[in-house]
There are 2 protein chains.
Amino acid sequence: MDQISSPTSARLRAMQAEGMNLDSCPVRTVVSRLGSKWAPLLLQLLAERPHRFSELRRLVPDISQRMITQTLRDLERDGYVNRSVLPTKPPSVTYSLTDMGVSMFESYRLLFEWAEANHQAVRAAREAFDASDKG
Amino acid sequence: MDQISSPTSARLRAMQAEGMNLDSCPVRTVVSRLGSKWAPLLLQLLAERPHRFSELRRLVPDISQRMITQTLRDLERDGYVNRSVLPTKPPSVTYSLTDMGVSMFESYRLLFEWAEANHQAVRAAREAFDASDKG
DNA sequence: CTGGATCCTCTATGATACTG
DNA sequence: CAGTATCATAGAGGATCCAG
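As the structure is a computational prediction, the values presented were derived from the model and not from experiment. (Residues numbered from 1 in each chain as written. Chains lettered and ligands numbered in written order. Predicted model: local features only at pLDDT ≥ 70, side-chain atom pairs only at ≥ 80, totals over all residues. Heavy atoms only, no water.)

Enquirer: Would you mind showing me how to read the protein's contact with DNA strand D here?
Expert: As a structural note, the neighbourhood of DNA strand D is formed by 19 residues, with Arg66 of chain A together with Arg52, Gln65, Arg83 and Tyr95 of chain B the closest of them. Of what DNA strand D places within 4 Å of the protein, 62% of the atoms are sugar or phosphate. For DNA strand D, a base nitrogen lies 2.7 Å from a polar atom in the side chain of Gln65 of chain B. Side-chain polar atom of Arg83 of chain B to a phosphate oxygen of DNA strand D: 2.3 Å apart, as the coordinates give it. Of the residues contributing to the surface near DNA strand D, the split by class is 8 nonpolar, 6 polar and 5 charged. (Near = heavy atom within 4 Å. Polar contact = N/O pair within 3.5 Å; in protein donor to acceptor, adjacent residues only side chain to side chain. Nonpolar A, V, L, I, M, F, W, Y, C, P; charged D, E, K, R; others polar.)

Below, the structure is given as structure tokens:
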């Protein structure tokens, strides 16, 4: 039973019964960061192999310099990404997943695979909803 | 090989080579919606069992009326959630996961379980980062 | 090459009042 | 009970310029 059902919602109710701040919710702590606009994209690329800063910019052409820096920094801060600076001139910086990043992405990736397989069904559901009286 | 590696990043590069709009990215289509502030919480509760509107409000006390309505509506629009109105007086509305919602959550849930197991490590990483010169 | 600093815009979210 | 409508705000994200 514990193997199958997530303890999350039970803990959630317990937390709320105690009046705990939901900002300390384990799920939100992790998911809110990973669900940002660019984090999924960068994680995918880093899961494939380490990348230079400039490589990431080139592979994600519509990301702003500010957001790639900030997103990578947030991912580094949470322990998912390792940032290594090579003291060349000019300097080169390589980003890679940490062990924790790899571990996390093994779980996150399943949602990505679901999205790959089912995004058309989602789009269809949206169009159907919008075409109905509910839209 | 195809079993293990996600085709996402390969497709991503192909899309970008064609100059496609990244808003049509399969992963972003799905993930951006599910990573919102309240969607994970509501999905967890609905994955457990169907809930009335008022039940959800009670179980998530710090959500505003506006956002619970909007989040549930977004999830319904994307085909994850079913909304059934019982014509009682006053009306009662029950929300539940659709088959697609159950399917999606089976994948999403693994990230939740990872978060449950590792959120302390994430918090520790944050504190270490903030305590270092990088913070 | 890899950022930091600044200013600006837009979207997500919240607060409040009203309704079948 | 289960919303809708309106107004207000905070934070995410973008554009641009500057620097080691």
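Enquirer: What is the right way to read the packing of helix α3 (residues 39-48) of chain B against helix α6 (residues 99-131) of chain B from this model?
Expert: When two helices pack together, their arrangement is captured by the angle between the axes and the distance separating the axes. All names here are of chain B. Interaxial distance between α3 and α6 falls to 11 Å at its minimum, and their mutual angle equals 115 degrees. Considering only the axes of α3 and α6, their crossing is left-handed. Across the interface between the two elements, Pro40, Leu43, Gln44 and Ala47 of α3 pack against Met104, Phe105, Tyr108 and Phe112 of α6. Here the residues of the contact of α3 with α6 are counted per class, giving 7 nonpolar, 1 polar and no charged. (Axes fitted to C-alpha atoms, helices over the stretch in contact; angles between N-to-C directions. Helix = DSSP H or I, 4+ residues; strand = E, 2+ residues; numbered from the N terminus. Left-handed = near helix turned anticlockwise from the far one by under 90°. Contact = heavy atoms within 4.5 Å.)

Enquirer: Sorry if this is basic, but what is going on with the interface of chain B and chain A here?
Expert: Frequently, the measure chosen for interface size is the accessible area that the parts lose on association. With 61 residues of chain B at the interface, the matching set in chain A holds 60 residues. Carbon and sulfur atoms make up 60% of the surface buried where chain B meets chain A, a total of about 5800 Å² over both sides. Scanning the region where chain B abuts chain A turns up 6 salt bridges. With a closest N to O distance of 2.3 Å, Asp130 of chain B and Arg77 of chain A form a salt bridge. Taken together, chain B and chain A are joined by 14 residue pairs in polar contact (both at pLDDT 80 or more). Elements that contribute at least two residues to the side of chain B that touches chain A include exactly α1 (8-17), α2 (26-34), α3, α5 (65-77) and α6 of chain B. Ranked by residue count, the leading element in the side of chain B that touches chain A is α6 of chain B, at 21 residues. Class assignment of the residues belonging to the side of chain B that touches chain A gives a composition of 30 nonpolar, 13 polar and 18 charged. (Buried area = accessible area lost by both parts, 1.4 Å probe. Salt bridge = Lys/Arg side-chain N within 4 Å of Asp/Glu carboxyl O.)

Enquirer: Whenever I open this one, helix α5 (residues 65-77) of chain A confuses me. Can you help?
Expert: Three or four residues apart is the spacing at which side chains of an α-helix point the same way, because the helix has 3.6 residues per turn. A rise of 1.5 Å per residue sets the reference length of α5 of chain A, with its 13 residues, at 18 Å; its end C-alpha atoms lie 18 Å apart and thus fit the reference within 8%. Burial in α5 of chain A covers these residues: Ile68, Thr71, Leu72, Leu75, Glu76 and Arg77 of chain A. For α5 of chain A, the elements touching its buried residues are α2 (26-34), α3 (39-48), α4 (53-59), β2 (81-86) and β3 (92-97) of chain A together with α6 of chain B. One or two residues past the end of α5 of chain A sits Gly79 of chain A, with phi positive at roughly 90 degrees. (Expected span 1.5 Å × (residues − 1). Buried < 20%, exposed > 50% of the residue type's maximum accessible area, 1.4 Å probe, protein only.)

Enquirer: Explain the pairing of strand β2 (residues 81-86) of chain B here, please?
Expert: Looking along a regular strand, one sees the side chains alternate between the two faces of the sheet. Residue and element names in this part refer to chain B. Bridge analysis of β2 against strand β3 (residues 92-97) gives 6 bridges, and the strand direction is antiparallel. Among the inter-strand pairings, Val81 is bridged to a residue of β3, identified as Leu97. Turn length for the β2-β3 hairpin, with the two strands adjacent in sequence and antiparallel, is 5 residues. (Pairing = 2+ DSSP bridges.)

Enquirer: So what exactly am I meant to see when it comes to the pattern of salt bridges here?
Expert: Close approach of charged atoms allows side chains of opposite charge to pair. Enumeration over the complete set of coordinates arrives at 8 salt bridges over all chains. Measuring nitrogen to oxygen at the nearest pair gives 3.7 Å for the salt bridge that ties Glu76 of chain A to Lys134 of chain B. Taken as a pair, Glu76 of chain A in helix α5 and Lys134 of chain B in the segment after α6 lie in two separate chains rather than in one. The partner of Arg126 of chain B in a salt bridge is Asp78 of chain A, and the shortest N-O contact between them spans 2.6 Å. Highlighted residues: Arg126 of chain B in helix α6 and Asp78 of chain A in the loop between α5 and β2, drawn from two different chains. Note on Asp78 of chain A: relative accessible area 0%, which makes it buried.

Enquirer: Even after reading the chapter, I still don't get the relation of the copies chain B and chain A, so can you show me in this structure?
Expert: Turning one copy of the chain about an axis and sliding it along that axis gives the other copy, so a rotation and a shift relate them. Superposition record for chain B on chain A: RMSD 0.0 Å, screw rotation 180 degrees, translation along axis 0.0 Å. What the rotation and shift describe, once combined, is the action of a two-fold rotation axis. Closest approach to the rotation axis within chain B is made by the C-alpha atom of Gly35 of chain B, at a distance of 2.2 Å. A share of 98% of the interface residues of chain B reappears at the interface of chain A, consistent with the copies meeting face to face through the same patch. (Least-squares fit on C-alpha atoms with pLDDT ≥ 70 in both.)

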